[in-house]
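Architecture at a glance
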Amino acid sequence: NTGSVSLAAWPEADPAYLVSDTVKIVVQVNGKMRDSFEIPADASENDLKTHALDSDKVKSYLDGKEPKRIIVVPGKLVNVVVESSNSIISTEQSTKNIFENLTPEQSVAVHHKGAHARILAGPGTGKTHTLTHHVLSLILEHNIEPNTILLLTFTRLAARQLREKLQEVLKPYGKEVPPVSTLHSFALRQILFNSSVVDTLPSPIRIADDWEERHIILEDLKVMLGKKEIDDIRDLFNQLSSDWSNLNADAEEWIDTFSVPRFISALAEHKDIYGETLRAELVYKLKQNLSQNGRFKFDQEYKHILIDEFQDLNPCDLEIVKAFANKGAELYVVGDDDQSIYGFRFADPSGIRSFPKDYENSRELVLETCYRCDKKILSIAEFIANLDRDRLERNTIPKTDAEEGEVKLLRFSDQMSEAENLAKKIHSLLASGVSPSEIVLLFRGSTKKLLPPIIQEFRRLGIPFSESIESEELEAAKPYRIVLSIIRLLGNSEDNLALRTLIQFDDNNLGPKCIESIYALSHDRKISFSEALKEIEKNQKLIKQGKRLSEYLAKVKGILEKYQNISDFEKKINIVVTENIADSDLAEKVLRSFSNAFSDDGRDIDSFLRYLSVKNDSIEQDVEGEGVRLLTMHQAKGLTFDVCIIVGVEDEYLPGKNENSRIDDERRLLYVSMTRARHKLYMTYCDKRIGDQRHTGSNSGVEARTLSRFLRDVPGLSPMVIQ
């Protein structure tokens, strides 16, 4: 009763539950499956609507309300969406009950106003709860206009959760939810708002996604620069991202001092032809325009800026924050230097540490009581955090009624023993009544090769498990690339990268030589890739493959015309996916990956594509589905589980090859992972890793492994040898 109800119908979606002559209707409430039933598979579109809406089960979810919209793909999919209609409460009515569940330290932070503030909030201390209630206090107690408040978060999941929590409270009062977004999304929105005065980026703005960066841009640059290895280009790409994030690109004659100046000019040429903008440069371009372009303005006059996970900002991000303050906005930043783990995107905890110095007369507030971790878990985690000499002083303590908890360091002879015994342990936990979804198995992102033996044992013992959506694998799938390119072309028929993708990967008998010829024509005539295609359609003799290419482009235009006539956007996307992806499992994964774009105001093609453009798979989370969760240590940040298992706490992985300040990053990553656990924390390591696993970690090829240096001298933590 707080969001939407949708029904999805899949023909033969699961052979174990369906027969060929039925369609399964799955009732979902706020993205969670609540009920299901079956109807004849050969029903017409109207019959599908009637069957769905007349069902007693569906009526109980609709609760007398009319659906806002109905989306039907005959024989494939039904979505019925209804939104709740809460009555409006006068803002003059008491809001006391909204704030009555705050602790004293949270209440002080929530009701602060009148100066910049830094809230230091350790794990489980109610950071999000405090941040959310501060917004409510500003709007309901101080009558601040919502559109003058801006909330910036680090991930889109956090942004969506904050937005939903605020809407749940504010809607009865007739108040709008203030803007909530990631910094990259905010940067893109401001650049688009100022598009008429921004001349430092290609127009229209087209953000290349991760796959396009890797398989089109980097591959093209490798050829253009005569490099043999893609890693050579990736290193230059990373250097460029570093220079933007750390503001080295602001230096005079920066291009001349870049390690390979030709890389900068080659990238500029590629942008001229394909019109791409890199996600890594969005915030830098925002900062650049704010400091250099007098006509560049924010889309709103923001008076209150609230920033979550402040410790994860890099120097360029911090300049944006300073720009807000210089324009008179009040800053309210929340974070924890112990949880700064994104050094790979140049985040630095010095930003949150120096906040009182950077903003004079600011208020320093601390949330010290951890309501998540049991005593032993918090004690050992705090020991790890205190290894950092630069750590901000605080005294994070467990709640008064916290249990002792359980922490075990498990030592195995090799990965086969590790997998067998972990599976047995989890099987025992499940038998004792622990829910599978309350168990998480964490691994370093670079150590995914440690999982196959564990998964094999899970399957042998019938342990349900759920991996995060493998975005990299999904987005590399040929059908996905084709579907996404079609959707992009529905938004802009001259999308250069989308056209390139279709020519390169669709079944059209057009090969690399054709693309080389199109690029050469673009370069020679100083026109874009799509403009070169138009020239070839007019004169097929311009390139050797002109006739075949023109025939294929005509086919693409016919496909686009068919979909253009579908007015309902969600229905259009569903049809594009189901008609162009034959594999029903893959189609379901694609629709699932698109679902968050729909829920985050992606109700038209422009906002839908903007959502996809700024997602960052290295930090985003997807933990839907039932079963034991398998997540990277980075993905687990912000999540909580009764039982947490960290696999491979070996020096070869933690810190691995990292050096200098990145070692601090790895120690903090371990701290963050440990504090995901409420009651039980298990950490595993092996004496040796054999077979393929001997090639993982910093000493590739060497079987022998050692316990991570971070865990060798922890009081009260002795390894348990498991035979």
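I will try to describe carefully the structure that is included in this document.

1. Side note on the overall build of the protein chain
Looking only at helices and strands, the protein chain has 28 helices and 22 strands in total. Within the span of the protein chain, comprising 723 residues, buried residues form 54% of the whole. Look at the contacts in the protein chain between residues 6 or more apart in sequence, and 73% of them connect residues 24 or more apart. On the protein chain, roughly 32200 Å² of surface is accessible, and the fraction owed to carbon and sulfur atoms is 46%.

2. Description of the sheet that holds strand 21 (residues 677-686)
Strands in a sheet are paired, the pairing made by backbone hydrogen bonds, and the direction either parallel or antiparallel. Reading across from one edge, 18-19-17-20-21-16-22 is the order of the 7 strands in this open sheet, with parallel pairing throughout. Taken across any chain shown, the strands that pair with only one partner, and hence form the sheet edges, are strand 18 (465-467) and strand 22 (719-722). Averaged over neighbouring strand pairs, the angle between their axes works out to 25 degrees when direction is ignored. Two strands pair when backbone bridges link them, and strand 18 and strand 19 (residues 628-632) are joined in this way by 3 bridges, in the parallel orientation. Looking at the pairing, S466 lines up with R629 of strand 19. Contacts between helix 16 (residues 375-385) and the sheet are confined to strand 16 (406-412) and strand 21, with strand 21 contributing the most and set at about 55 degrees to the helix.

3. Brief notes about the packing of helix 8 (residues 210-224) against helix 9 (residues 230-245)
Geometrically, a packed helix pair is captured by the angle between its two axes and the distance between the axes. The N-to-C vectors of helix 8 and helix 9 enclose an angle of 105 degrees; their axes lie 9 Å apart at closest approach. Comparing their axes, helix 9 and helix 8 come out roughly perpendicular. Contacts from E213, R214, I217, L218, E219, L221 and K222 in helix 8 reach I230, I233, R234 and F237 in helix 9. Across the contact of helix 8 with helix 9, the residue classes break down as 6 nonpolar, no polar and 5 charged.

4. Focus on the environment of A476
Of note, A476 is situated in helix 19 (residues 471-476). Given a relative accessible area of 40%, A476 falls into the partly exposed group. Filtering out sequence-adjacent residues up to four positions away, A476 remains in contact with W211 and R481.

5. Let's talk about helix 21 (residues 496-505)
Residue pairs three or four apart in sequence face the same way in an α-helix, which turns once every 3.6 residues. Taking burial as the measure, the 10 residues of helix 21 include 8 buried ones, the bulk of the element. Within helix 21 the residues assigned to the buried category are N496, L497, A498, L499, R500, T501, L502 and I503. Its side-chain oxygen at 3.2 Å from the backbone nitrogen of L497, D495 defines the N-terminal cap of helix 21.

6. Some points on the nonpolar core
The biggest cluster of nonpolar side chains holds 111 residues, and the ones touching the most others in it are F263, F324, I518, L549 and F594. Ranked by residues supplied to this core, first place goes to helix 20 (residues 478-491) with 8 residues. Discounting residues that sit within four places of it in the chain, L549 has contacts with I503, L510, C514, I518, L533, I536 and I543. Listed in part, the 39 residues of the second largest apolar core include L409, L654, M674 and A677.

7. Quick word on the pattern of salt bridges
Per the stated rule, a full pass over the model turns up 51 salt bridges. Between D209 and R488 there is a salt bridge whose closest N-O contact spans 3.6 Å. Taken together, the positions of D209 in the loop between strand 9 (207-208) and helix 8 and R488 in helix 20 put the pair 279 residues apart, joining distant regions of the chain. By relative accessible area, which is 6% here, D209 ends up buried. For R488, a relative accessible area of 3% corresponds to the buried category.

The rules we used
Per chain, residues are indexed from 1 in the order of the written sequence. Note on the predicted model: pLDDT of at least 70 is required for a residue's local features to be given, and 80 or more for side-chain atom pairs to be given and counted; whole-chain, interface and lining totals, by contrast, use all residues. Side-chain numbers here rest on the full set of heavy atoms in the structure, without hydrogens or water. Numbered from the N terminus, helices here are DSSP runs of H or I no shorter than four residues, and strands are runs of E no shorter than two. For the exposure calls, accessible area comes from a 1.4 Å probe over protein chains only, and a residue counts as buried if that area is under 20% of its type's maximum, exposed if over 50%, partly exposed in between. Residues are treated as being in contact if the distance between any of their heavy atoms lies within 4.5 Å. To be clear on the numbers: accessible area is Shrake-Rupley with a 1.4 Å probe, and residue cover counts the displayed protein chains and nothing else. Between any two strands, at least two bridges found by DSSP are needed for them to pair. Lines fitted to the C-alpha atoms define the axes, with helices restricted to the stretch that makes contact. Angles between their N-to-C directions range from 0 to 180 degrees. Angle categories: roughly parallel below 35 degrees, roughly antiparallel above 145, roughly perpendicular from 65 to 115, and oblique for all the rest. Residues are grouped as follows: Ala, Val, Leu, Ile, Met, Phe, Trp, Tyr, Cys and Pro are nonpolar; Asp, Glu, Lys and Arg are charged; all remaining types, including Gly, are polar. Think of a polar contact as two N or O atoms within 3.5 Å of one another; within protein, one of them needs to be a possible hydrogen donor and the other a possible acceptor, and neighboring residues in sequence only count if both atoms come from side chains. Only buried Ala, Val, Leu, Ile, Met, Phe, Trp, Tyr and Cys residues count toward a nonpolar core, and they belong to the same one when joined by side-chain atoms within 4.5 Å. Within this document, salt bridges are pairs made up of a side-chain nitrogen of Lys or Arg and a carboxyl oxygen of Asp or Glu, the two lying within 4 Å of each other.

From the geometry alone we can't say anything about function, so treat these as descriptive.
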